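Geometric and topological summary
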Amino acid sequence: AEGTRLGRPLTTAETTALIQNKYGPEMVQAGLDTLAQVRRLEAAGAKRIVVMTIPTAAQTPFGVAGGASTQGLLTALAGLYNDTIRREFSAPSSTVMLFDAGALSSAWYTNPASVGFVNVQAPICNVPASLGSSSSFCFITGATPSASNPFLRLLPAGVTPANSLFADGVHPSRKAHGLFATALSDALKAKSWVK
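Everything quoted here is computed from the prediction, not taken from an experiment. (Residues numbered from 1 in each chain as written. Predicted model: local features only at pLDDT ≥ 70, side-chain atom pairs only at ≥ 80, totals over all residues. Heavy atoms only, no water.)

For any two aromatic rings, the description comes down to two numbers: the centre-to-centre distance and the angle of the planes. For the coordinates displayed, the defined rule picks out two aromatic pairs. An angle of 55° between the planes, with centres 4.6 Å apart, marks the rings of Trp108 and Phe180 as tilted. Of this pair, Trp108 sits in helix 5 (residues 101-110) while Phe180 sits in helix 6 (residues 174-190), and the two are 72 residues apart along the sequence. The two residues Trp108 and Phe180 agree in class, both being buried. Here the aromatic cluster, defined as three or more aromatic residues joined through ring pairs, consists of Trp108, Phe117 and Phe180. In this structure, Lys175 packs its charged tip against the face of Phe117, placed 5.6 Å from the ring centre. (Phe/Tyr/Trp six-rings, centres within 6.5 Å; stacked < 30°, edge-to-face > 60°. Helix = DSSP H or I, 4+ residues; strand = E, 2+ residues; numbered from the N terminus. Buried < 20%, exposed > 50% of the residue type's maximum accessible area, 1.4 Å probe, protein only. Lys NZ or Arg CZ within 6 Å of the ring centre and 35° of its normal.)

What follows is about the packing of helix 5 against helix 6. Helix 6 packs onto helix 5 with a crossing angle of 130° between their chain directions and a minimal axis gap of 11 Å. Classified by the angle between their axes, helix 5 and helix 6 sit oblique to one another. In this structure, helix 5 crosses over helix 6, and the sense of that crossing is right-handed. Listed contacts from helix 6 to Ala101, Leu104, Ser105 and Trp108 of helix 5 are Ala176, Leu179, Phe180 and Ala183. Looking at the contact of helix 5 with helix 6 residue by residue, the class counts come to seven nonpolar, one polar and no charged. (Axes fitted to C-alpha atoms, helices over the stretch in contact; angles between N-to-C directions. Parallel < 35°, antiparallel > 145°, perpendicular 65-115°, else oblique. Left-handed = near helix turned anticlockwise from the far one by under 90°. Contact = heavy atoms within 4.5 Å. Nonpolar A, V, L, I, M, F, W, Y, C, P; charged D, E, K, R; others polar.)

Right, dumping it as structure tokens:
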């Protein structure tokens, strides 16, 4: 957003200043707020709480399009939040389980074939900015755009919604959501919280 406002990529010094003075403290505070909410839930009697790290937006089509300075900023911000969460919730607990969604999504991005992804670069939806660019408007029911699905991109040969990581510029595809769900289910079973 800052680079867009300036009309040019941010310099390294500008990115560092944003992390240190503005967005970094906000991400740490978000992590502390998560911790406070977990403590409130525990005090209210919750016995099973899942806390998730966040993926870095640097690996999304939005982040990649922003260039190196934007990617550096996004990586740092996700790292600040995730480090705050990990410091508190990495130790074994009978009531809180840390689910590292950030590490999981990075693994898929860097080794997409391991989970059947062919496309980790291009979003499968082409929703106009006037509608918020969100895949919420993209009903993925076929392989090509149609009157009932006007926002689906015409995808290159071999690329389908089922083998693509991103639905839009930042949100996971339906398949990625399914993989997150399976991984979380497996983690809950490993902790014996579900059968």
